[in-house]
Amino acid sequence: MDLSKIPLFWAVIITGIIFVGIAIWAVLHPRKYIYEGAETKARWRDVRIWAVLLMAIQLAIYAVWGG
Amino acid sequence: MGIGGYDLVIVIAYLAAIPLFGVFFKRYVHTGEDYFLAGRMLPFWVIAMSLIGTNIGAYDYMGAAGGAYRFGIVQANYEWLGAIPAMIFASLLFIPFYWKSGVYTVPEFLGKRYSTAVRTIEAVLWTLFLACTLGIFFWASGLMLHTYLGWPLQLSIILIAIIVGVYTVTGGLAAVAMTDVVQMLMMLVGGLAVMIIGFNLTHGWSGLVSMIKPMHPQHFQLFLPLNHPQYPWLGILFGLGLVMSPAWWCCHQAIIQRTLGARSAWDAKASMMGAGFLKTLVPLLVVLPGLFALALCKDPSQIPNPDQAFPWVMRNLLPAGLSGLVFASFIAALLSTMDSTINSTATILTRDIYQKFIRKEASDRHYLLLGRVITVILVCWGVVFAPVTNKFPGIYVAMQTLLSYFQGPTLATVLLGIIWSRANRWGGLVGLAGGVGISIGLTLSGMNFLYVAWWSFVGSIVLNVVVSLFTKPEPLEKIQGLVYGLVVKESSTQELLRKRVEGGK
């Protein structure tokens, strides 16, 4: 089997699944664990949202320039 | 490069200001914890900027721009797929455990979770690697001043040693982190200047693409086919994305140490996540210059080696005045990596070697003094060792090879230690040592380094699991607070950790 013939499309798909999986994993963390040690419970301090934003940016980058 | 007049003033002013700024933080250093962990007082944004400053060295500028010149934007994988997911893992999974366990180093954490043997192997490997890279950094920075400013080489190395030494010895991690913030800003400004001028000359992104793509159709793809000799996509995905990058962001002492200086568990988490946003911008600084060189250099003989792409951009695209600024940002990249390397090596030598094996019960003041003495010795070592690195041109490659030997096994050992309560001291030891053996064997067989990282990681995991299952588990009281499931779910463990952190303050 000539592995080089596997379309790059699959690399983008697998990467997309990894990014979405990480975002879901981040969101599933308990609120108490996320805010532990935070001065306030302000929404902007929810690092789960930061993780989702980071993954969304990566998803967009790889969707455009993946292959 | 046409350095002169205003450029020289900018560079000299920068070199003079950095140690003065760093020494200011001496007033906050009274104990060993102040020196090695900045008194656990750093806010998340300082650590985030320091992380990126430490992460990007002058070699990254040269190497990444050179890689982009040769292969295209695939080089950006080191900053995106090969960093951001790992930083999220580090933020939510690894760093909270390091921070709460009250350790100063990654080997120290492994000592708590596994055994002294595992801790010592890790400490020795990291010390060897960091101390040797120090000589390379000193040589590179001296060479830079010598090449662009015409200053004598040995004098340039000594000057850099004095600049870095003054604030690293006196101010410890606080000075290192705060100067990294300034240096990170310098790098951003310098990179932005190159980007604006480059896009101006290529008429924007679409102009850049149209100039390069007809000759190099794969230069704007983040993934390359599986038969690509350097960057096959499967290697990028599994070797870089799932092993090398998490090993760097979750287990590298110079990276982890500043997060341990966070003022709270939240700041520790947020620092790495915040650094992720900055990291997203890094390809603009280090990859774009390589593409500008490829598009705008009409005579390829001017860039005989791809690593000359960034210097070519500095020499040929930047007007007088801006050259000094970009050159200062280049020095900033080197200084911020050097100071962190010195500080981290001193911490490992003090905590994992001296305090563990030579003098266990000395006063805090003793360890503070010792940390400073070791820092001075490391700076002197860097100066003496720097010319040696030039005599052996393969030494940089050798150091990178050494790093690749233990990156996968280290990640496997730390990861299993955190997520699997059944992993024990024997599993950790055999997994780590066996994984390094697998790395060496695969490298000698000629396998691509990305695949070596992956398979040594897998081998280390398998060895750790099998040996742990056949030997006695660790007692619960030993691993309480060090395993993910126990911390996230059990309120009694959370209470224990809260008391441990409060007690440590």
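These numbers come from a predicted model, not from an experiment. (Residues numbered from 1 in each chain as written. Chains lettered and ligands numbered in written order. Predicted model: local features only at pLDDT ≥ 70, side-chain atom pairs only at ≥ 80, totals over all residues. Heavy atoms only, no water.)

Undergrad: Give me the lowdown on the overall build of chain A, citing residues and values where you can.
TA: From N to C terminus, chain A includes three helices and zero strands. Listing the helices and strands of chain A from first to last along the sequence gives α-α-α. Against the compact-globule benchmark of 11 Å for 67 residues, chain A has a radius of gyration of 16 Å, which places it well outside the compact range. Viewed in the frame of its principal axes, chain A has a C-alpha envelope of about 55 × 20 × 10 Å. Burial statistics for chain A: of 67 residues in total, 37% are counted as buried. (Helix = DSSP H or I, 4+ residues; strand = E, 2+ residues; numbered from the N terminus. Rg over C-alpha atoms; globule rule 2.2 N^0.38 Å. Buried < 20%, exposed > 50% of the residue type's maximum accessible area, 1.4 Å probe, protein only.)

Undergrad: Please give an account of the packing of aromatic side chains that cites residues and values.
TA: Aromatic rings in a pair are described by how distant their centres are and how their planes are angled relative to each other. Enumeration according to the criterion identifies 32 aromatic pairs over all chains in this entry. Between Phe-9 of chain A and Trp-10 of chain A the ring centres are 5.7 Å apart and the planes differ by 75°, which places this aromatic pair in the edge-to-face class. Its relative accessible area of 52% is what places Phe-9 of chain A among the exposed residues. Aromatic pair Phe-199 of chain B and Phe-292 of chain B: ring centres 5.3 Å apart, planes at 90°, arrangement edge-to-face. Taken together, the residues span a long stretch of sequence, with Phe-199 of chain B in helix H8 (residues 153-202) and Phe-292 of chain B in helix H13 (residues 288-296) at a distance of 93 residues. Taking the relative accessible area as the measure of exposure, Phe-292 of chain B reaches 0% and is therefore buried. One aromatic cluster is present, built from ring pairs that chain together Trp-44 and Trp-50 of chain A together with Phe-44, Trp-266 and Phe-277 of chain B. (Phe/Tyr/Trp six-rings, centres within 6.5 Å; stacked < 30°, edge-to-face > 60°.)

Undergrad: Would you mind going over the state of the cysteines in detail, with residue names and values included?
TA: Residues and elements named next belong to chain B. Tallied over the full model, the rule gives zero disulfides over all chains. Cysteine Cys-251 remains unbridged, with the sulfur of Cys-250 as its closest cysteine sulfur at 5.7 Å. Of all cysteine sulfurs in the structure, the one in Cys-132 sits closest to Cys-380, which takes part in no disulfide; the separation is 17 Å. (Disulfide = S-S within 2.5 Å.)

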